Amino acid sequence: MAEHFLTKSRIELSQCLETGGGLALESYGALYQALHERVSPEAAALFAEPLLSRGNETAPASIAWYTGHPGEGRPLRALDEADRSRAEAVLSERLRAIRPHLADPEDGPLIGAALHLANHPEGDIWVVDGQPVIVNWGMLPVGMSRDPETRGAHVAATLGRFLPLAAAPPLSPAEAQARRPDAPTDEPPGTGPDGSAAPAVGATAVAPGPVALEARTRAWPGPIAWVPLLVLLLIAGGVLVWLLLPGTRIFPPRSPDPAIDRAAAATAVAEINASLEERLARLQTALEGAQCRPDGTLTIPDGRTIEGLLPPDPANPADAPGSRAAADPRPILPPDPARVQVPSDGASAMDLTSLLELIEARTVMVVRYLADADARPGQQVRAERGSGFFVGLDLVVTNSHVVEGAQGERIFVINRSLGQQYQATVIKTVGPFGSTGRDFALLRVEGVNAPYFTLLKPGHSLKLQSVIAAGYPDDLLGDWRGGTDPVPDLAVTDGTVNAEQALAQGSPALVHSAPISQGNSGGPLVDMCGRVVGVNTFVRQGALRNLNFALSSGDLLDFLESAALTPATVTRPCQPQLLRPVAPPASAGTPTDAAAGVPDFNLRPSSDD
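Starting from 1, residues in each chain are numbered consecutively following that chain's sequence as written. Given that this is a predicted model, residues contribute local features only at a pLDDT of at least 70 and side-chain atom pairs are listed and counted only at 80 or more, while totals for whole chains, interfaces and linings are drawn from all residues. Neither water nor hydrogens contribute to the side-chain values; these are computed over all heavy atoms in the structure.

1. Quick notes on the overall build of the chain
Here is step 1 of the chain: The number of helices and strands found in the chain is 15 helices and 28 strands.
Here is step 2 of the chain: Across the 609 residues in the chain, those meeting the buried criterion constitute 44%.
Here is step 3 of the chain: Any two residues having at least one pair of non-hydrogen atoms within 4.5 Å are treated as being in contact. Here the analysis covers contacts within the chain between residues at least 6 apart in sequence; of these, 67% occur between residues at least 24 apart.
Here is step 4 of the chain: Just so you have it, the chain exposes about 30500 Å², and 56% of that area is on carbon and sulfur atoms. Strands here mean DSSP runs of E at least two residues long; helices mean DSSP runs of H or I at least four residues long; both are numbered from the N terminus. Type-normalised accessible area, obtained with a 1.4 Å probe on protein chains alone, sets the label of each residue: buried when under 20%, exposed when over 50%, and partly exposed for intermediate values. Every accessible area reported is derived by Shrake-Rupley at a probe size of 1.4 Å, with residue values counting cover from the shown protein chains alone.

2. Some words on the packing of aromatic side chains
Here is step 1 of the chain: When two rings of Phe, Tyr or Trp (its six-membered ring) have centres within 6.5 Å they constitute a pair, described as stacked for plane angles under 30 degrees, edge-to-face for angles over 60, and tilted for the intermediate range. In this structure the tally under the stated criterion is 9 aromatic pairs.
Here is step 2 of the chain: Between Phe389 and Phe453, the aromatic rings sit 5.9 Å apart at their centres with planes inclined by 80 degrees, giving edge-to-face as the arrangement. In this pair, Phe389 is assigned in strand β15 (residues 382-392) and Phe453 in the loop between β19 (440-445) and β20 (454-456), connecting sequence segments 64 residues apart.
Here is step 3 of the chain: Note on Phe538 and Phe549: the rings are 4.7 Å apart at their centroids and 15 degrees apart in plane angle, and the pair reads as stacked. Of this pair, Phe538 sits in strand β25 (residues 531-541) while Phe549 is found in strand β26 (residues 546-552), placing the two residues 11 residues apart along the sequence. There is no split in this pair, since Phe538 and Phe549 are both buried.

3. Let's talk about the nonpolar core
Here is step 1 of the chain: We define the nonpolar core as a collection of buried residues of types Ala, Val, Leu, Ile, Met, Phe, Trp, Tyr and Cys that are connected through side-chain atoms lying within 4.5 Å of one another. Core analysis: the biggest nonpolar cluster contains 50 residues, and Ile359, Phe389, Val391, Leu556 and Leu560 have the highest contact counts within it.
Here is step 2 of the chain: Looking at this core, the element that brings in the most residues is helix α14 (residues 553-562), giving 4 residues.
Here is step 3 of the chain: Once residues lying within four places of it in the same chain are set aside, the contact partners of Leu556 are Phe389, Val397, Phe440, Leu455 and Val535.
Here is step 4 of the chain: One finds Trp65, Ala113, Leu115 and Leu117 within the second-largest nonpolar core, a separate group that totals 49 residues.

4. With respect to helix α10 (residues 355-362)
Here is step 1 of the chain: All of the buried residues along α10 are Leu355, Leu358, Ile359, Ala361 and Arg362. What you see down the axis of α10 is that its buried residues fit within an arc of 165 degrees, all on one side. Of all possible arcs, the one meant is that of the directions from the helix axis to the C-beta atoms.

5. As for the environment of Gln575
Here is step 1 of the chain: Tracing the sequence through the fold places Gln575 in the loop between β27 (569-570) and β28 (577-579).
Here is step 2 of the chain: Exposure remark for Gln575: the relative accessible area of 43% places this residue in the partly exposed category.
Here is step 3 of the chain: For the pair Gln575 and Pro329, spaced 246 residues apart in sequence, the C-alpha separation works out to 6.1 Å.
Here is step 4 of the chain: In this view, Gln575 contacts Ala326, Ala327 and Cys529; residues no more than four positions away in its chain are not counted.
Here is step 5 of the chain: Engagement of the side chain of Gln575 in a polar contact is seen with the backbone oxygen of Ala327, the distance being 2.5 Å. By the criterion applied in these results, polar contacts are pairs of N or O atoms within 3.5 Å in which, for protein atoms, one can donate a hydrogen and the other can accept it, and in which residues neighboring in sequence qualify only through two side-chain atoms.

6. Concerning the sheet that holds strand β13 (residues 352-354)
Here is step 1 of the chain: Pairing between two strands is assigned when DSSP locates at least 2 bridges connecting them. Strand order across the open sheet formed by 4 strands is β11-β28-β12-β13, with antiparallel pairing between neighbours. Strand pairing shows two members of the sheet lacking a second neighbour, β11 (324-326) and β13, which therefore form its edges. Strand-to-strand twist across the sheet, computed as the mean angle between neighbouring axes with direction ignored, equals 45 degrees.
Here is step 2 of the chain: Here 3 bridges tie β11 to β28, and the two strands are oriented antiparallel to one another. Within the sheet, the bridge partner assigned to Ala325 lies in β28 and is Leu578.
Here is step 3 of the chain: Relative to the sheet, α10 contacts β12 (340-343) and β13, its axis offset from that of β13 by approximately 85 degrees. A fitted line through C-alpha atoms represents every axis, and for helices the fit uses only the stretch in contact; the resulting angles, taken between N-to-C directions, go from 0 to 180 degrees.

7. Quick notes on the pairing of strand β18 (residues 422-430)
Here is step 1 of the chain: Where strand β17 (residues 411-414) and β18 come together, 3 bridges link them in antiparallel fashion. By the bridge assignment, Val413 is partnered in β18 with Tyr422.
Here is step 2 of the chain: Of the strand pairs in this sheet, β18 and β19 are connected by 6 bridges, and their pairing is antiparallel. Paired with Thr425 across the two strands is Arg444, which belongs to β19.

8. So, the environment of Ser466
Here is step 1 of the chain: In this fold, Ser466 is placed in strand β21 (residues 466-471).
Here is step 2 of the chain: Assessed through its relative accessible area of 2%, Ser466 is described here as buried.
Here is step 3 of the chain: Sequence separation of Ser466 and Asp328 is 138 residues, and the distance between their C-alpha atoms is 9.7 Å.
Here is step 4 of the chain: Look past the residues within four positions of Ser466 in its chain and what remains in contact with it is Pro329, Pro331, Pro334, Pro335, Gly495, Thr496, Val526, Asp527 and Met528.

9. Re the state of the cysteines
Here is step 1 of the chain: The rule for a disulfide is simple: a pair of cysteine sulfur atoms within 2.5 Å. Tallied over the full model, the rule gives 1 disulfide.
Here is step 2 of the chain: In this model, Cys529 is linked to Cys574 through a disulfide, with the two sulfur atoms separated by 2.2 Å. Taking the sign of the S-S torsion, about 90 degrees here, the bridge from Cys529 to Cys574 comes out right-handed. One end of the pair, Cys529, is in the loop between β24 (524-527) and β25; the other, Cys574, is in the loop between β27 and β28, and 45 residues separate them in sequence. A single burial state applies to Cys529 and to Cys574, both of which are buried.

10. What to know about the pattern of salt bridges
Here is step 1 of the chain: Salt bridge criterion: a side-chain nitrogen from Lys or Arg within 4 Å of a carboxyl oxygen from Asp or Glu. Applying the stated criterion across every chain yields a total of 14 salt bridges.
Here is step 2 of the chain: Linking Arg38 and Asp107 is a salt bridge whose minimum nitrogen-to-oxygen distance equals 2.8 Å. Linking Arg38 in helix α1 (residues 28-38) with Asp107 in the loop between α3 (81-98) and α4 (108-114), this pair joins segments that are 69 residues apart in sequence.
Here is step 3 of the chain: For Arg86, the salt bridge is made with Asp83, and the minimal N-O distance between the two is 2.3 Å. Pair noted here: Arg86 and Asp83 are both in helix α3, with a separation of 3 residues, about one helical turn.
Here is step 4 of the chain: Relative accessible area serves as the criterion here: at 51%, Arg86 is assigned to the exposed category.

11. Remarks on the side chain of Thr398
Here is step 1 of the chain: Position of Thr398 among the secondary structure elements: in strand β16 (residues 395-398).
Here is step 2 of the chain: Classification of Thr398 by relative accessible area gives buried; the value is 0%.
Here is step 3 of the chain: A polar side-chain atom of Thr398 sits 2.6 Å from the main-chain carbonyl oxygen of Ser387.
Here is step 4 of the chain: In contact with Thr398, not counting residues within four places along its chain, are Val366, Ser387, Gly388, Val403, Asp439, Phe440, Ala441, Leu443, Ser521 and Gly522.

12. A word on the pairing of strand β8 (residues 131-134)
Here is step 1 of the chain: Across 4 bridges, the pairing between strand β7 (residues 125-128) and β8 is antiparallel. Paired with Val127 across the bridge in β8 is Pro132.
Here is step 2 of the chain: Where β7 folds back on β8, the antiparallel hairpin that results is connected by 2 residues, among which Asp129 adopts a positive phi of roughly 50 degrees.

13. A look at the environment of Val497
Here is step 1 of the chain: Residue placement: Val497 occurs in strand β22 (residues 491-502).
Here is step 2 of the chain: Assessed through its relative accessible area of 1%, Val497 is described here as buried.
Here is step 3 of the chain: Taking the C-alpha atoms as reference points, Val497 and Arg330, 167 residues apart in sequence, are found 9.9 Å from one another.
Here is step 4 of the chain: What Val497 contacts, discounting residues up to four positions off in sequence, is Ser275, Leu462, Lys463, Leu464, Gln465, Val467, Leu510, Val511 and His512.

Next comes the structure, spelled out in structure tokens:
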């Protein structure tokens, strides 16, 4: 899914075109998949992803547009002449690649609807880092007629100079079917591939349709003209036969995905879809039955808050704002980790700290410094980074691929609690994942006595439980190179466990919705009791969403036991402990007792949505 916000447009719902019984805007996933599979990923990325808000009696409808291209976006019209020309050339090339598919009765109507633009005052074509992105698609200007002639003139005035068309883009299977005779070109009369005047065929311009076919028949070349092509085909056929002979193939056969085979992928998708459907049903039930209590507490039908807490008991002094209370391990939204309370030493129930503080103290960045062979003494070296976490006083776990090929004296770990980089030595590794189904490395860190995580010994399902992914993704580190650079901040994302999946090699893994990316490899996946339940290892990118995989803590325990290490473990299910929200301070003119009854839920968007 696109994750970079581009712009926002106010619209009227009457502008939106319909295809297949719904708004074209709401079929973005199908549009992206069709273009990605049938044209190219670049063509699919041409259309921004819409997030439609239908509005209400007081707020107008609006669309937030997102793109997969990182960077600042600007309207095409705001660029200088050189940048605008380059972007227009890319836009024209990608649109023309889409044109033949307008004649497809299945995908043509949706693609055709996307080529209609609202003609928004701020512009319908934006550019991000040289890449054109179309917004306000699937719409017409307010009040415009939808007859083919009017639509054809509108498209010609908007996208026409980048994509010449002989008729309005189709909005129905019948309109798409009608384009089939001239679908390969669909150029309006007198238009060449670059939008200029097309050369005449013989002495007469050829119009599209049956007349064009008749003219082409009259101009059919004689048999001599086909001799060079026939020779080339024979040569190509001979080369193909030679390539197919054993031992002469230039490229090896395509091997299956080492992470997850087709059967495992199908099972994972089915489990994830079932999990999402269950979550959607819970959200719908919560939305329909939510109630606001007199004290300002919002509760859902099961009587709990969206964070999983039961409402406070006014008659119980120990149940006041700021007090600790048990929460549901499967809440509607993951709770704020700064308010989740966990034992600070992994054992004592009296010495508590916040989940966020516990994770920050125990998660580290793993750095490999790679010097070029011809680097001069004192010359800055390149740094490759991953994540890891303490499982003992001086022992760190990470992924094997994070430290693969590095010499021990060139590996370091760091976090803000440590305050400086400490040298680490690789004790044991297992991998690569593609052949072993494992991807773990154990490091010993010289000169530290650090707090460490407790590991969950799997014995019960974690499905739909809230989790936190922690690490140092490259997207947030920028050009950090170590040395005297400040210690980077730890990145944490929240989500839920969607599926417990056996991968192709039989290795158990957790598929979760807490976003991770390159640099998160080797970092911990932690439950709301502060126990490590998995090791974040890879992301499987799909057309509509990314699947985040963490290798199970059970496999990690087997690896650590093979290294003669007995880490701290626990088997009991998680019962999160949450600090109740504290009421905001009373403002001037507001009674103190009234203010104290309105809790501050610290609500924030969940990365699980």
